[in-house]
Amino acid sequence: MKKVMFLAGLSLCFSACTVNVNSPGNTVPSPSASPTATSPGATSPTPSTSPDPSGSASPAPTPSASPPPEIPTAGLIEYLDFSAAPPTDESIARGVTQTTDRLGQENQAWHFDGSESFLRVNRDLNAEVLPQVTLSAWVRSTNANPEETGHIISHDNANTSRILALYVENNTPLGFAAAAGPTVDITRLAPVQLNTWQFLTASYDPAAGVVNFYMNGQLVESNTQLASRGGYEYFYVGASPFAGRYFEGDIDEVRVYNRVLSEAEVQDLYAASLNG
């Protein structure tokens, strides 16, 4: 279930989701055989299970159920669940309306109009503050012919890494990707499915020089050309704070971690949040 979002000053603060874990099923012990007395020197017979009076075989042991995947919470420093109406202060949010989320729940996600829409979040993503970071969001692109690349999570300041975006060329969406380094500016592109919710994740590790980009929990590319390029001391959802680059579509459940999530954790995050 989503938690309630609240606003404090110019900062947005959200509670992290948790997933209840069902207790594993109890294992049914196998029936044990009764001991049989034997005469000295005689061979002991093989113990046998007492027959069921009904004549049917005894049931097999019930296997323990695997616990469902959990949303990682260690290192989670920002969670935007978009379950409340956008702020009316246009210095914080503009061009944003509530919409239906991936579960069909009304007013549980935000729609960004692609012309002037953004949400400002007072969280510094720079490597000096966050040596490692993982960014994730549910997104749904709704424009088949966008005019320009649309930033989804960005602290862009002209030449910046730590960006998730929909890259566009000649009014044609090329795909989702994460900003990377100077040699290869972005990671390998992941295909866009118009009007379909897709889950994006990017982790940045400057010490290792690696950015990992995932689509729907699956690794698209581990790029080793990462350049640690600084940006603003806040970030935008749905746009670039430097160049506009407005994203047209729906966004939900933005998360920021102060560490690199493992591939298994990214898969758990996707699976656990898939159905709410």
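In what follows, the structure referred to is the one given above.
Residues numbered from 1 in each chain as written. Predicted model: local features only at pLDDT ≥ 70, side-chain atom pairs only at ≥ 80, totals over all residues. Heavy atoms only, no water.

Another aspect to go through is the overall build of the protein. Counting its regular elements, the protein contains 1 helix and 16 strands. Counting all 276 residues of the protein, 44% fall into the buried class. Across the protein, the fraction of contacts at a sequence separation of at least 24, relative to all contacts at a separation of at least 6, is 69%. A total accessible area of about 13,500 Å² is found for the protein, and carbon and sulfur atoms account for 49% of it. (Helix = DSSP H or I, 4+ residues; strand = E, 2+ residues; numbered from the N terminus. Buried < 20%, exposed > 50% of the residue type's maximum accessible area, 1.4 Å probe, protein only. Contact = heavy atoms within 4.5 Å. Areas by Shrake-Rupley, 256 points an atom, 1.4 Å probe, with all protein chains shown as cover.)

A word on empty space enclosed by the protein. Tallied over the entire structure, the rule returns 1 cavity of 30 Å³ or more. Within this model, the largest cavity holds a volume of roughly 40 Å³. In terms of lining, the largest cavity is formed by Ser141, Asn143, Pro146, Glu148, Thr149, Gly150, Leu166, Tyr246, Phe247 and Glu248. Each residue belonging to the lining of the largest cavity can be placed in one class, and the counts come to 4 nonpolar, 4 polar and 2 charged. (1 Å grid on protein atoms, 1.4 Å probe; cavity = no way out; pocket = protein on both sides within 12 Å on 5 of 7 lines; lining within 4 Å. Points joined across faces, edges and corners; volume = space filled by probe spheres on them. Nonpolar A, V, L, I, M, F, W, Y, C, P; charged D, E, K, R; others polar.)

Spanning 12 residues, helix H1 (residues 263-274) covers 16 Å between terminal C-alpha atoms, matching the ideal 16 Å at 1.5 Å per step. Taken together, the buried positions of H1 are occupied by Val266, Leu269, Ala272 and Ser273. Each buried residue of H1 sits inside an arc of 140 degrees when the element is viewed along its axis, so together they form one side. In this structure, the buried residues of H1 make contact with strand E8 (133-141), strand E12 (198-205), strand E13 (210-215) and strand E16 (248-257). (Expected span 1.5 Å × (residues − 1). Arc of directions from axis to C-beta.)

Relative to strand E14 (residues 218-223), E13 runs antiparallel, the two sharing 5 bridges. Bridging across to E14, Tyr214 finds its partner in Leu219. (Pairing = 2+ DSSP bridges.)

Of all the 10 residues making up E16, 9 are buried; the element is thus mostly covered by neighbouring parts of the structure. The sheet contact formed by strand E3 (residues 76-80) and E16 spans 4 bridges and is antiparallel. By the bridge assignment for E16, Glu78 is matched with Val256. Where E8 lies against E16, 7 bridges are found, and the strand directions are antiparallel. Looking across to E16, one finds that Trp138 is bridged to Asp252.

Per the stated rule, a full pass over the model turns up 7 aromatic pairs. Between Phe118 and Tyr236 the ring centres are 4.6 Å apart and the planes differ by 10 degrees, which places this aromatic pair in the stacked class. Within this pair, whereas Phe118 is found in strand E7 (residues 118-121), its partner Tyr236 is found in strand E15 (residues 235-237), the two being separated by 118 residues in sequence. Neither Phe118 nor Tyr236 differs from the other in exposure class; each is buried. Among the aromatic residues, those joined into a ring-pair cluster are Phe118, Tyr232, Tyr234 and Tyr236. A cation over an aromatic ring shows up here: Arg120 above the ring of Tyr234, its NZ or CZ 3.8 Å from the ring centre. (Phe/Tyr/Trp six-rings, centres within 6.5 Å; stacked < 30°, edge-to-face > 60°. Lys NZ or Arg CZ within 6 Å of the ring centre and 35° of its normal.)

Now for the pattern of salt bridges. Any two side chains of opposite charge can pair, given that their charged atoms come close. Considering all chains together, one arrives at 7 salt bridges under this definition. The shortest N-O distance in the salt bridge between Arg123 and Glu78 comes to 2.8 Å. One end of the pair, Arg123, is in the loop between E7 and E8; the other, Glu78, is in strand E3, with 45 residues separating them in the sequence. Arg123 sits in the partly exposed class, given a relative accessible area of 26%. (Salt bridge = Lys/Arg side-chain N within 4 Å of Asp/Glu carboxyl O.)

The strand order across the open sheet built from 6 strands is E4-E7-E15-E9-E10-E11, with neighbouring strands paired in antiparallel fashion. The sheet is open, and its two edges are formed by strand E4 (93-94) and strand E11 (172-178), each paired on a single side.

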